[in-house]
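# Survey of secondary and tertiary structure
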Amino acid sequence: MKELTCPHLGTPLKVIRPEYVDFDGNTKTGEMVVHADMADATLAALADCKAAGFRIADMQPAENFDYDDDKSMAANNSVAYMYRTVAGRNFLSHHALGLALDLNPMQNPYIRPDLHAPEGSVYDEAAMGTITPAIATIWKNHGFNWGGDWNSSVDYMHFSWGKSDIASGGKLTPEVPSK
Ligand SMILES: [Zn+2]
């Protein structure tokens with residue numbers, strides 16, 4: 001696994017290349033940048049998802065989308081590390097540390113009272129690429145928390161690494177000043 005360092009925070013990152021099956025049934029090799037501590041668990045969970053028949057639309061690093069989450073989501077891309085704040089907020093996302101990943105955004109929306117992203121996304125358990133409770137259980141078994149379990153908002157696409165202190169809840173530091 002290739003190793004990288006986040007240019008903003010110095011976070012140790014790894015580039016993983018998981019095999020997945022896309023929506024057309026083709027086996028592909030993806031590329032995902034994750035926090036070094038989360039790399040093995042991510043590979044293991046993705047392998048279990050593949051064995052369970054879960055399909056992934058696309059898996060490219062955020063740099064291919066200029067670190068623009070809207071562009072990445074609109075392309076139905078699955079991504080982990082992305083140096084950014086939480087959508088519409090002034091604090092960093094767990095994605096900024098590579099401690100979270102999003103799968104198939106078009107089938108697994110992020111819904112808050114003030115947000116439904118990406119545009120046109122629909123959660124339907126019968127649809128290909130949807131994170132059902134059974135698929136979420138695979139991730140939980142590998143130490144992840146699922147955004148589909150949240151209360152005040154629901155983020156079906158989102159898994160955060162639960163074995164890290166910094167992923168255990170609350171805002172990350174440093175906070176990004178509001179503009
Ligand atoms: Zn996310």
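Being a predicted model, the structure only gives us computed values, none of them experimental.

Our next topic: the environment of Gly 129. Counting through the fold element by element, Gly 129 comes out in the loop between strand 8 (115-117) and helix 3 (133-141). On a C-alpha basis, the gap between Gly 129 and Asp 22 in space is 9.0 Å, while along the polypeptide they are 107 residues apart. Those residues in contact with Gly 129 that lie beyond four places of it in its chain are Phe 23, Arg 55, Ile 56, Ala 57, Asn 104 and Gln 107.

Our next topic: the sheet that holds strand 11 (residues 158-161). Pairing is antiparallel across the open sheet formed by three strands, whose spatial order is 6-11-9. What marks the edges here is a single partner per strand, and that holds for strand 6 (100-102) and strand 9 (144-146). On average, each strand axis in the sheet is inclined to that of its neighbour by 25 degrees, with strand direction left out of account. Where strand 9 meets strand 11, three bridges bridge the pair, whose relative direction is antiparallel. When the sheet's bridge partners are listed, Phe 144 is paired in strand 11 with Trp 161.

Let us look at the pairing of strand 2 (residues 12-16). One ladder, built from four bridges, connects strand 1 (residues 2-5) with strand 2; its direction is antiparallel. Each residue of the ladder has a partner; that of Thr 5, found in strand 2, is Pro 12. Between strand 1 and strand 2, which pair antiparallel one after the other, the connecting turn spans six residues, and Gly 10 there sits at a positive phi close to 75 degrees. Summarising the sheet, strand 2 and strand 5 (residues 32-35) pair through four bridges and their orientation is antiparallel. Paired with Ile 16 across the strands is Met 32, a residue of strand 5.

What counts and how
- Residues numbered from 1 in each chain as written.
- Predicted model: local features only at pLDDT ≥ 70, side-chain atom pairs only at ≥ 80, totals over all residues.
- Helix = DSSP H or I, 4+ residues; strand = E, 2+ residues; numbered from the N terminus.
- Contact = placed C-beta atoms within 7 Å.
- Pairing = 2+ DSSP bridges.
- Axes fitted to C-alpha atoms, helices over the stretch in contact; angles between N-to-C directions.

The values are spatial; any link to function lies outside them.
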